[in-house]
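# Chains, contacts and geometry: an overview
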Amino acid sequence: MTTFDRLLASRDQHGSALWVLLDPDRIDKADLARTTEACVENGADAILFGGSFLISTNFESMIREVKRVAPEIPLVIFPGDTNQISSAADAILFLSMISGRNPELLIGQHAKAAPTIKAMGLEPIATGYILVESRTQTTVEYVSNTKPLPRAKPDIAMAHALAAEYLGMSCVYLDAGSGAGAMVPVDMVKAVSSYINIPVIAGGGIRTPEDAADRAEAGASFVVVGSVLEENDDPALIRSFAEAIHTTA
Ligand code: 1GP
């Protein structure tokens, strides 16, 4: 069974699945084992690992630590650049930033990374990455040098997501960016999810279980939560997110 199949199975089991984002730049290495255990024990379905602006030099050692502590939970790299590749992970979101028109992020970096990913035996999950306007400039918007899609135009997001499906991608990530001032609108998640036949990942700026549940109910297969869990060292909050997102539980 591939990791992607396992992710889909958790979605099928729960209606929608919780992915917790661990950003090596924002998590203290000393807290990593405890945080990872809290994810596993409180219902997270997968761990995303990566950051859009990697300053930490501990990427490899930290991802190995996550795998050592929790070998059973799917560990998926969410790479900000080609330095964020490791054979310790189960899979990597092979992201093409289809909301932008920066050729390096559409195909350039991919050609550089693909041979390394193959050599490592790492499973690539082809993902159409759509950055959605969030009212504040997020790190990903800044470092990618791209313009996000307008938040009030779900039809534009739908067209991009359908193009991702027709290009053979496995899923679409609707992201407002980490710490976004405004989340991807529920009506956009709904419009895109009902329009395409590949799973939708939704994330960016989700701060309450209710907001996460709204996106799960709108059709997101996977809901990503990062910043709010970094700011609140509270395993019960992970549990609340999992229960809210697991719509068929
Ligand atoms: C960012 O969607 C992820 O790419 C998670 O965002 O850190 O705001 O939860 P937050």
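Here the structure is shown first, and the text comes after it.
Structural notes, computed from the coordinates.

Rules and cut-offs
Residues numbered from 1 in each chain as written. Predicted model: local features only at pLDDT ≥ 70, side-chain atom pairs only at ≥ 80, totals over all residues. Heavy atoms only, no water. Helix = DSSP H or I, 4+ residues; strand = E, 2+ residues; numbered from the N terminus. Buried < 20%, exposed > 50% of the residue type's maximum accessible area, 1.4 Å probe, protein only. Contact = heavy atoms within 4.5 Å. Near = heavy atom within 4 Å. Polar contact = N/O pair within 3.5 Å; in protein donor to acceptor, adjacent residues only side chain to side chain. Areas by Shrake-Rupley, 256 points an atom, 1.4 Å probe, with all protein chains shown as cover. 1 Å grid on protein atoms, 1.4 Å probe; cavity = no way out; pocket = protein on both sides within 12 Å on 5 of 7 lines; lining within 4 Å. Sits in = over half its atoms within 2 Å of the grid points. Nonpolar A, V, L, I, M, F, W, Y, C, P; charged D, E, K, R; others polar. Core = buried A, V, L, I, M, F, W, Y, C linked by side-chain atoms within 4.5 Å. Salt bridge = Lys/Arg side-chain N within 4 Å of Asp/Glu carboxyl O.

## Digging into the environment of Glu133
Within the element layout of this structure, Glu133 appears in the loop between β5 (123-131) and α5 (139-144). Classification of Glu133 by relative accessible area gives partly exposed; the value is 35%. The spacing of Glu133 and Asp175 is 42 residues in sequence and 8.8 Å in space, taken between C-alpha atoms. When sequence neighbours within four positions are dropped, the list of residues in contact with Glu133 reads Pro148, Leu149, Pro150 and Arg151.

## With respect to the site of the ligand
Taken together, 14 residues are adjacent to the ligand, and Asp175, Ser178, Gly179, Gly205 and Ser227 come closest. At a separation of 2.8 Å, an oxygen atom of the ligand approaches a polar side-chain atom of Tyr173. At 2.6 Å from an oxygen atom of the ligand is found a side-chain nitrogen or oxygen belonging to Ser178. Here the ligand loses 97% of its free accessible area of 310 Å² to cover by the protein chains. According to the grid-proximity analysis, the pocket containing the ligand is the largest pocket. For the shell around the ligand, the secondary-structure elements that each account for two or more residues are β6 (171-175) and β8 (222-225). Per-class residue counts for the shell around the ligand are five nonpolar, eight polar and one charged.

## Thoughts on the nonpolar core
Leu18, Val192 and Phe241 are the most contacted members of the largest nonpolar core, which totals 63 residues. Residues contacting Val192, with those up to four places away along its chain left out, are Ala157, Met158, Ala161, Leu174 and Val200. The next biggest cluster of nonpolar side chains, apart from the first, holds 23 residues, and it includes Val76, Ala91, Met97 and Phe222.

## A short note on the pattern of salt bridges
Scanning all chains against the criterion turns up ten salt bridges. One salt bridge connects Arg11 with Asp12, and the closest N-O pair in it is separated by 2.8 Å. Residues Arg68 and Glu65 are paired through a salt bridge, measuring 3.1 Å at the closest nitrogen-oxygen approach. Residue Arg68 and its partner Glu65 are both found in helix α3 (residues 59-69); the two are separated by three residues, about one turn of the helix. Looking at Arg68, the relative accessible area reads 58%, which means it is exposed. Here the salt bridges share partners, and the residues they tie into one network are Asp23, Arg26 and Glu230.

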